[in-house]
Amino acid sequence: MALLYKADPVRGELWKRLFAEHAPDIEWRAWPDIGDPKDIRYLAAWQAPDDVEALLPNLDVLFALSAGVDQLDLDRLPASLPVVRLLDPGITQGMCEYASFAVLSLHRDMLRYRQQQLARCWQAHLLQPAAQRRVGVMGLGMQAQQILATLKTFGFALSGWARSEHTIVGVDCFAGDEQLPAFLGQCDIVICVLPLTEQTQGILNRRLFQHLPKGAALVNMGRGGHLIEEDLLEALASGQLSAAVLDVLQQEPAAPDHPFWQHPQIVLTPHIAAMTQPESAFGVLLDNIRRHQRGESMLGQIDRQRRY
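Every value quoted in this text rests on a predicted model; they were computed, and no experiment measured them.

A. Molecular detail of empty space enclosed by the protein. Taken as a whole and assessed by the stated rule, the structure comprises one cavity of 30 Å³ or more. The calculated volume of the largest cavity comes to roughly 50 Å³. As for the largest cavity, its lining consists of F63, A64, L65, V84, R85, L86, L87, V284, L285 and N288. Secondary structure elements with two or more residues in the lining of the largest cavity: β4 (61-64), β5 (83-85) and α9 (278-293). Sort the elements by how many residues they give to the lining of the largest cavity and α9 lands first, with three residues.

B. Quick look at the packing of helix α3 (residues 89-107) against helix α5 (residues 142-152). Between α3 and α5, the shortest axis-to-axis distance is 9 Å and the interhelical angle comes to 50°. The orientation of α3 relative to α5 falls into the category oblique. Note that α3 runs across α5; the crossing there is right-handed. Each of I91, T92, M95, C96, A99, S100 and V103 in α3 lies in contact with α5, whose residues at this interface are M142, Q143, Q146, I147, T150 and L151. When the residues that make up the contact of α3 with α5 are grouped by side-chain class, the tally is eight nonpolar, five polar and no charged.

C. Just the sheet that holds β4, in detail. A sheet is described by the order of its strands in space; here five strands give the open sequence β2-β1-β3-β4-β5, paired in parallel fashion. Two strands lie at the open edges of the sheet, namely β2 (27-30) and β5, each paired on one side alone. Neighbour to neighbour, the strand axes of the sheet diverge by 25° on average, direction disregarded.

D. Region of interest: the sheet that holds strand β6 (residues 134-138). Strand order in this open sheet of seven strands is β8-β7-β6-β9-β10-β11-β12, and the pairing throughout is parallel. Where the open sheet ends on each side, the last strands, each with one partner, are β8 (172-175) and β12 (266-268). Taking each pair of neighbouring strands and ignoring which way they run, the sheet shows an average axis angle of 15°. Note: β6 against strand β7 (residues 157-162), five bridges, orientation parallel. Each residue of the ladder has a partner; that of V137, found in β7, is G160.

E. Structural view of the domain arrangement of the protein. According to the domain assignment, the protein consists of domain 1 (2-88 + 276-294) and domain 2 (90-268). Taken over C-alpha atoms, the centre of domain 1 sits 33 Å from the centre of domain 2. Taken together, the contacts link eleven residues of domain 1 with seven residues of domain 2. In this assembly, domain 1 packs against domain 2 so that about 620 Å² is buried in total across both faces, 53% of it on carbon and sulfur atoms. The largest contributions to the domain 1 side of the interface with domain 2 come from A67, D70 and D88, which together make up 66% of the buried area.

F. Representation of the UniProt feature "domain: D-isomer specific 2-hydroxyacid dehydrogenase NAD-binding" (unreviewed entry) in the protein. Per the UniProt record, the feature "domain: D-isomer specific 2-hydroxyacid dehydrogenase NAD-binding" (unreviewed entry) sits at residues 103-273. Helix makes up 29% of residues 103-273 and strand makes up 19%, while its end C-alpha atoms are separated by 13 Å.

G. Inspection of the packing of helix α1 (residues 9-22) against α9 at higher detail. The interhelical angle for the contact between α1 and α9, taken along N-to-C directions, is 50°, at an axis separation of 10 Å. When the interaxial angle is binned, α1 and α9 end up oblique. Here α1 runs over α9; the crossing is right-handed. Between α1 and α9, the contacting residues are R11, L14, W15, L18, F19 and H22 on the first element and P278, E279, A281, F282, L285, L286 and I289 on the second. For the contact of α1 with α9, a count of residues per class yields ten nonpolar, one polar and two charged.

H. Just the pairing of β6, in detail. Judged by how many residues are buried, β6 sits mostly within the fold: four of five residues are covered. In terms of handedness, the path from β6 via α5 over to β7 forms a crossover that is right-handed. Alignment of β6 against strand β9 (residues 189-192), held across four bridges, turns out to be parallel. Its bridge partner being in β9, V137 is matched across the sheet by I191.

Rules and cut-offs
- One numbering rule holds for all chains: residues counted from 1, following each sequence as written.
- In view of the model being predicted, local features appear only for residues whose pLDDT reaches at least 70, and side-chain atom pairs are presented and counted only at 80 or more, with totals across whole chains, interfaces and linings using the full set of residues.
- Side-chain numbers here rest on the full set of heavy atoms in the structure, without hydrogens or water.
- Definitions used for this entry: grid spacing 1 Å over protein atoms alone; cavity, a set of points where a 1.4 Å probe fits but cannot get out; pocket, an open set with protein on both sides within 12 Å along at least 5 of 7 lines; lining residue, one with an atom within 4 Å of a point.
- Grid points are joined across faces, edges and corners, and a volume is the space filled by probe spheres set on the points.
- Runs of H or I in DSSP of at least four residues are treated as helices and runs of E of at least two as strands, each being numbered from the N terminus.
- With axes taken as lines fitted to C-alpha atoms, and helix axes fitted only over the stretch in contact, angles between N-to-C directions fall between 0 and 180 degrees.
- Geometric relationships in this document are graded by angle, where less than 35 degrees denotes roughly parallel, more than 145 denotes roughly antiparallel, 65 to 115 denotes roughly perpendicular, and other angles denote oblique.
- When the near helix sits turned anticlockwise from the far one by under a right angle, the crossing is termed left-handed; a clockwise turn instead gives a right-handed crossing.
- By the convention used here, residues are in contact when the closest approach between their heavy atoms is within 4.5 Å.
- Think of it as three bins: nonpolar holds Ala, Val, Leu, Ile, Met, Phe, Trp, Tyr, Cys and Pro, charged holds Asp, Glu, Lys and Arg, and polar takes everything else, Gly as well.
- Here a strand pair is declared whenever DSSP counts at least two bridges between the two strands.
- Domain extents, as shown, originate in an automatic or database domain assignment.
- By convention, the term buried area covers the 1.4 Å-probe accessible surface removed from two parts as they join, with the contributions of both added.
- UniProt positions are given in the numbering used here, feature names are shortened, and annotations may be inferred rather than shown by experiment.
- For the exposure calls, accessible area comes from a 1.4 Å probe over protein chains only, and a residue counts as buried if that area is under 20% of its type's maximum, exposed if over 50%, partly exposed in between.
- A crossover counts as right-handed when, viewed with the strands pointing away from the observer, the path leading from the first strand over the helix to the second turns clockwise.

Structure below.
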């Protein structure tokens, strides 16, 4: 029985050592050296190889080495193949850190102070208390709830929106398309951590921005496909939005002439909000393999209809 790894080779060496130490009964193989494909029962990958059904005829489970699975073309995978996303606590911690950095940077007006520094301008601006700053999160899954819990410690007024109803202590929760405008209307800073689906593709657009209070700010740490980039530039130019922190783009890496690179109202980072860490993720992955071997439900298995 073997597991095939298809992702970053540097981190792959860490995974290999962990499996050798804690799960020697599972043979480790790294793409493209797959050996006898009939031996491979598990695939741990960022993206699946082409024609996986023919290539790996005895594959039992595809483990996505990420919190989401939108990078996978699910329509090209066998309908009966379980796809399991990685519930790595290290990813959640990273997302909480990034959200805190982004919100605090916007709350404390750091983009303006950065421009003042470049202009050699020493000028203070009034500080708005955190309790008067309204922060909303789009998407209320596990990571989003941890982000809200982290932001709660700073005293922000918190709200959340998702397609289904949620109840979270200390958070005003909104649900469904009908309540989306009301949610947006009370967000000074809105954070997107939605999964990327057909319903959420391009959701951060001109129409959505118009529902935000004038001068609101955006944080996108979901997927680049959520954002209509031209609409963001228009909203920043008009003053409808004051700033944005973006960790993801429609096309990555950004082209050298992409307008976001030198935009004074945008902080751009190269998809680094969170990264899978073998040290924290290994136990989660191994537990799911053992669950599968025992015939138990695996944690993080996606709903193929909902695509998350």
